[in-house]
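Residue-level listing of the chains:
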Protein chains: 2
Amino acid sequence: MRLPFLKLDLEKVASNIKTMADNATKHKLEFRPHFKTHQSLVIAQLFKEHGVTGITVSSIYMADFFSKHGWNDITVAFPAGLSNVKLYDSIAKRSKLKVLAVDKAVVKKINNAISESISMYIEIDPGYGRSGIRYDNFALIDELLTAINSSENIQFEGFYCHAGHTYKCTSKKEIVALTDPILESLGTLKTKYGGNISFGDTPSCSVRDNFDGIDQISPGNFVFYDWMQTQIGACTPEQIAVTMHCEVVAKFPERNEVLIHGGAVHFSKDFVLNKDGERVYGFVKSKMNAGSESYIKSLSQEHGLVACSQAEFSAIEIGDIIEVFPIHSCLTANLMREYVTASGKVIPQFGSGSPYQR
Amino acid sequence: MRLPFLKLDLEKVASNIKTMADNATKHKLEFRPHFKTHQSLVIAQLFKEHGVTGITVSSIYMADFFSKHGWNDITVAFPAGLSNVKLYDSIAKRSKLKVLAVDKAVVKKINNAISESISMYIEIDPGYGRSGIRYDNFALIDELLTAINSSENIQFEGFYCHAGHTYKCTSKKEIVALTDPILESLGTLKTKYGGNISFGDTPSCSVRDNFDGIDQISPGNFVFYDWMQTQIGACTPEQIAVTMHCEVVAKFPERNEVLIHGGAVHFSKDFVLNKDGERVYGFVKSKMNAGSESYIKSLSQEHGLVACSQAEFSAIEIGDIIEVFPIHSCLTANLMREYVTASGKVIPQFGSGSPYQR
């Protein structure tokens, strides 16, 4: 096996999926998992065992791919663009296609450009400040809804809301406090306008006990989790289903640091800050029973520099393969493009063939 | 053309290569460009016109690829590892293979594991603190050199030094002040031990006028440059040869922000800080003559959020394709996996087929 590689623990994946599927069932929610994290047909299949038929993806290209492989109810959780309208028609011939709307002029242009039928969610900004209409801007929501309802090729699906600012939380309590008012606002929208309410970040879906007013959840990251999610309070290290395996190529005793083959082109440059305010680009899964405090302190294109505790530095030898929790598994998986299971089987990603299956 | 795409200006690439090649000629340096930035056979070919025969790469896999495509003098600018010794032999059958040494035990193990002949540079740490032996640790250098010289399959090539801390500089003056003492130290090593002195970061090679004591340069990024290099003082925006082309999918007048399809899986999450200490993940090439102050302030997996000046916000419309300078072209190119030229031709990267050409 060429190093570095991304090891996939299929049992943990199955367990993470089951927990989230059970949670959806318990709260009578439709489970529409986000496939952007794994981008894999093999992992997609594991969701079918829990009755999942509707899915979420992050680009029209990813929708095209999964619709060609038997998935026929797909939400593209991204504001509908104008450059790919031809793809809308070809996907909609095979699959129920749902996209996000944030601009009435775009809605009309898309309606004029397509001949198949698609659905649109109005995207709601819950204070995250990335995309969507503010939940209380009823004038804009009314205009957008009018544009959708007057478009013969477009059906109104409901409201889609991603509370990405939960990623700044550091406990269940903070996540709940941040999202309680969001769920209340979404409930107001449902009462006023009807439609399905779709909500979906991994932290909220992992820790909330109450989903009143919500019809659908679409978390993605939970399938693998990662070190960032442990810091948010959304999972434990034991739930993380992917680890990077990297060769130690040098040791520097004067600074208790080891160099690994594993860089920005493998991990991505996402980081979390530790309690001392230092950047952590990956967290070492200790070889030692005592646990680890070793972490990747910097990344170049192919170099990773690991700051070690004294004890762990002594335990690591050049030539060792060390196991590292990725900070952000979505980005690491996207870079690695494939997974290696415990039995050594290689599971490819959607993009592994060529860019966007061009 | 599917969006986003990475536009390549071949004239700028040719000009950047010529400038660096002329610089090498002027200072009587061997020009061994780093191919990790472009990872492309087509771009590699442009270097041949300037007499380049020796190249530098960042992994043994990349060496394997280029050695299979006619390049037969390759430095892997990474500490030699033990997991891929079989590849050393297969590459060395086709090509002169040069790797970096930082540990005497590894040198001996590699010597015992290979049957072909390879060369080793001793890697020198010029205070960057990533890899290598400190330039003044003569005891360790002596030990390493003894290990190399007593290995029948390994030749001593010289010293390799990457001053990656020049990336923290913000002017030619700072770069020169930082690297003057490094060149002096390298000169001392050459006098004491002989061999070729290889030096190579893009900032130093772009702005220094004096290369006394150096035999070879191996910059990589200069082939494209990027926004980070403009901030370091190594290039002008006009020299940047790659720009991301991204569709504008939403506008938010209350905050002068536009949303583009172009995220962390396209740009990478590398950033620079602007004068207000805010993170800049991409800098917009203005549509306006007056220049631009618009930049990507945050990235999700596929979303890019652009903070605009008032004037530029007004000039941008939904559906526009905006052109964005990447912060770190090596990482952006690695993610995009291919380039699109002015004539619409697609130039693939080494990794485009499948991971590491598995």
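Just so we're clear, the structure is a prediction, and the values are computed from it rather than from any experiment. (Residues numbered from 1 in each chain as written. Chains lettered and ligands numbered in written order. Predicted model: local features only at pLDDT ≥ 70, side-chain atom pairs only at ≥ 80, totals over all residues.)

Asks: Help me get a handle on the relation of the copies chain A and chain B, residues and values and all.
Replies: Rotating chain A by 180 degrees about the axis while translating it 0.0 Å along that axis superimposes it on chain B, leaving an RMSD of 0.0 Å. On this basis, the relationship between the two copies can be described by a two-fold rotation axis. Of the C-alpha atoms belonging to chain A, the one lying closest to the rotation axis is found on Lys269 of chain A, 2.7 Å away. Comparing interface residues between copies, 100% of those in chain A also lie at the interface in chain B; the contact surface is shared. (Least-squares fit on C-alpha atoms with pLDDT ≥ 70 in both. Contact = placed C-beta atoms within 7 Å.)

Asks: Outline the nonpolar core, supporting the account with residue identities and numerical values.
Replies: Counting 232 residues, the largest nonpolar core has Leu100, Ala101 and Met120 of chain A together with Leu100 and Ala101 of chain B as its most contacted members. Look past the residues within four positions of Leu100 of chain B in its chain and what remains in contact with it is Ala77, Phe78, Pro79, Ala80, Met120, Tyr121, Glu123 and Tyr160 of chain B. (Core = buried A, V, L, I, M, F, W, Y, C linked by C-beta atoms within 7 Å. Buried ≥ 20, exposed ≤ 12 C-beta atoms within 10 Å, placed from the backbone.)

Asks: So what's going on with the environment of Ser309 of chain B? Which residues, and what values?
Replies: All names here are of chain B. Following the sequence through the fold, Ser309 ends up in the loop between strand 17 (303–307) and helix 11 (310–315). Each C-alpha atom of the pair Ser309 and Val99 lies 48 Å from the other, and the pair is 210 residues apart in sequence. Leaving out residues up to four positions away in the same chain, Ser309 has contacts with Glu293 and Ser294. (Helix = DSSP H or I, 4+ residues; strand = E, 2+ residues; numbered from the N terminus.)

Asks: For the interface of chain A and chain B, give the residues involved together with the corresponding values.
Replies: Opposite the 45 residues of chain A that make contact, chain B presents 45 residues. Taken together, the elements giving at least two residues each to the side of chain A that touches chain B come down to strand 4 (73–79), helix 5 (104–113), strand 11 (242–252), strand 12 (257–261), helix 10 (264–267), strand 17 (303–307) and helix 12 (329–336) of chain A. Across the side of chain A that touches chain B, the residue classes tally to 19 nonpolar, 15 polar and 11 charged. (Nonpolar A, V, L, I, M, F, W, Y, C, P; charged D, E, K, R; others polar.)

Asks: Explain the domain arrangement of chain A to me, and be specific about the residues and the numbers.
Replies: Residues and elements named next belong to chain A. What the domain assignment reports for chain A is domain 1 (10–224) and domain 2 (237–349). Between domain 1 and domain 2, the C-alpha centre-to-centre distance is 32 Å. With 13 residues of domain 1 at the interface, the matching set in domain 2 holds 12 residues. Tallying contributions element by element places helix 1 (residues 10–26) first for the side of domain 1 that touches domain 2, with 4 residues. Here the residues of the side of domain 1 that touches domain 2 sort into 4 nonpolar, 7 polar and 2 charged. (Domains from an automatic or database assignment.)

Asks: Before we move on, can you summarise the confidence of the model for chain A with the specific residues and values?
Replies: Residues and elements named next belong to chain A. Of all residues in chain A, 96% attain a pLDDT of 70 or more, and the chain-wide mean is 95. When the criterion is pLDDT under 50, residues 353–358 qualifies, and its contacts beyond four places in sequence or with other chains add up to 9 contacts. This prediction of the complex comes with two scores: 0.97 for pTM and 0.96 for ipTM. (pLDDT = per-residue confidence, 0-100.)

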